Amino acid sequence: MAQVACLGILVADLLCRPVDRYPGRGELVLVDEMSLHTGGCAANTGVDLVKIGIETAVLGKVGNDGLGDFVRNKLGTTGIDTQGIVVDPVTNTSGTSVLVFSDGERSFVHYVGANATYKVSDVRWDVIEGAKILHVAGHFLMPGFDGVPCAQVMKEAQQRGLITTLDTAGAPRSDWGELVTPVLPYVDYALPSENEAQVITGQTDVSKIADWFLERGVKYCGLKRGAEGSYLKTADGQEISKPIFRVNAFDTTGSGDAFVAGFLTGLVMGWSLEDTLTFGNATGAICATYVGATAGMKTLAEILDFIKTTPMG
């Protein structure tokens, strides 16, 4: 039985590295590496959780195509419970071309695909039943589920006794704040990136960003801050900041999802908020030292050893 149910976007990622300039029209640019991976917030976070040692189910939608078969089979081989993955008979599987620059930064070409057709009736509550956490991963990239439908599911999850967590993703739009607001009263932990949260709230100061979420019903607002580490504010005003671990970043693809997996691990384990943030920073840092969104994730014991031996700041 899963301890965490990750519901959200499922994507087939084609990684190209390094890409330090875009080809002109009709031009060919060679790269050193090209590889196919599972991607999307729900898939990435789910794989990382299983590698850490947390029993996990993934829920979402793929197409009835080769990429959909790849995503379901690949996730299944990791030990993830894939019963909650629905197959759309019409719409193709979501895909992303990930262009990785030499410094590890990335650009994306994305096709929303079957993620757009996921809806409340697709949710497999029998798969979620018994989990400790329902994590919605990729709000803003599931137009059939974002907003009010997501709120319905999160409310039901809380009524069933689950902790609810929310991560966001997508190309910034001016309506993000309005779209996510109905969901927030049913979110225990909001975990967006700082950049996404700035778009959602219209604020730039991390404390004011957090206040925007907390005033709309979230109990805890955590921010992924990239090179600045992570930040969390509670409904009673407590603020915690944790610095990054110093590593040689090779590919930051999936680092935000890896942070979330580390954070969810802390919630499952019942750790303090300080230790939970630190563990999330560690999983995010480890992810960035490997090519691909999930290739480098370690076991719980290995990550705890990383925390003991790796400098921060």
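See the structure above.
What comes next concerns the included structure. Predicted model, so just to flag it, every value in this text is computed and none were measured.

**Focus on the overall build of the chain**
When you go through the chain residue by residue, the secondary structure sums to 10 helices and 13 strands. Dimensions of the chain along its principal axes, counting C-alpha atoms only, are 55 × 45 × 40 Å. Taken across its 313 residues, the chain has 54% of its residues classed as buried. Long-range pairs, those at least 24 residues apart, make up 71% of the contacts in the chain between residues at least 6 apart in sequence. For the chain, the exposed surface amounts to about 12800 Å²; the carbon and sulfur share of it is 51%.

**A few points about the sheet that holds strand 6 (residues 95-100)**
With respect to topology, 4 strands assemble into an open sheet ordered 3-2-6-7, the strand pairing being mixed. Bordering the open sheet on either side are strand 3 (33-39) and strand 7 (106-111), each of which pairs with just one other strand. Ignoring strand direction, the axes of neighbouring strands in this sheet form an average angle of 20°.

**Section: the packing of helix 8 (residues 255-269) against helix 9 (residues 273-288)**
Where helix 8 meets helix 9, the closest approach of the two axes is 7 Å, and the angle between their N-to-C directions is 145°. Crossing of helix 8 over helix 9 shows right-handed handedness. Along the contact surface, helix 8 presents Ser255, Ala258, Phe259, Gly262, Phe263, Thr265, Gly266 and Leu267, while helix 9 presents Thr276, Leu277, Phe279, Gly280, Asn281, Thr283, Gly284, Cys287 and Ala288. The residue makeup of the contact of helix 8 with helix 9, split by class, is 8 nonpolar, 9 polar and no charged.

**Some words on the sheet that holds strand 10 (residues 189-190)**
Across the sheet, which stays open at both edges, the 9 strands sit in the order 5-4-1-8-9-10-11-12-13 with mixed pairing between neighbours. On the outer flanks of this sheet lie strand 5 (81-88) and strand 13 (239-242), each paired with one strand and no other. Here strand 10 pairs with strand 11 (residues 220-224) via 2 bridges, running parallel. Opposite tyrosine 189, over in strand 11, you have tyrosine 220 as the bridge partner. This element, helix 9, spans strand 10, strand 11, strand 12 (230-234) and strand 13 of the sheet and lies at about 30° to strand 13.

**Some remarks on the environment of threonine 278**
By the secondary structure assignment, threonine 278 is in helix 9. A C-alpha to C-alpha distance of 21 Å links threonine 278 and lysine 132, two positions 146 residues apart in sequence. In this structure, threonine 278 is in contact with Lys242, Phe245 and Ile307, ignoring residues within four places of it in sequence.

**Here we look at the pattern of salt bridges**
Counting across every chain of the model gives 14 salt bridges. Among the ionic pairs, aspartate 126 bridges to arginine 124, the shortest N-O distance being 2.7 Å. Judged by relative accessible area, which is 28%, arginine 124 ranks as partly exposed. The residue glutamate 156 makes a salt bridge to arginine 160 at a minimum N-O spacing of 2.7 Å.

**Observations concerning unusual backbone geometry**
Cis geometry marks the peptide bond from arginine 17 to proline 18; its omega dihedral reads -10°. Examined against the element boundaries, proline 18 turns out to sit in the loop between strand 2 (11-17) and strand 3. In the Ramachandran plot, phenylalanine 140 falls in the positive-phi region, its phi being about 95° despite a non-glycine side chain. Residue position: phenylalanine 140 is located in the loop between strand 8 (133-139) and helix 4 (148-159). Since its relative accessible area comes to 5%, phenylalanine 140 is described here as buried.

Conventions used here
Residues numbered from 1 in each chain as written. Predicted model: local features only at pLDDT ≥ 70, side-chain atom pairs only at ≥ 80, totals over all residues. Heavy atoms only, no water. Helix = DSSP H or I, 4+ residues; strand = E, 2+ residues; numbered from the N terminus. Buried < 20%, exposed > 50% of the residue type's maximum accessible area, 1.4 Å probe, protein only. Contact = heavy atoms within 4.5 Å. Areas by Shrake-Rupley, 256 points an atom, 1.4 Å probe, with all protein chains shown as cover. Pairing = 2+ DSSP bridges. Axes fitted to C-alpha atoms, helices over the stretch in contact; angles between N-to-C directions. Left-handed = near helix turned anticlockwise from the far one by under 90°. Nonpolar A, V, L, I, M, F, W, Y, C, P; charged D, E, K, R; others polar. Salt bridge = Lys/Arg side-chain N within 4 Å of Asp/Glu carboxyl O.

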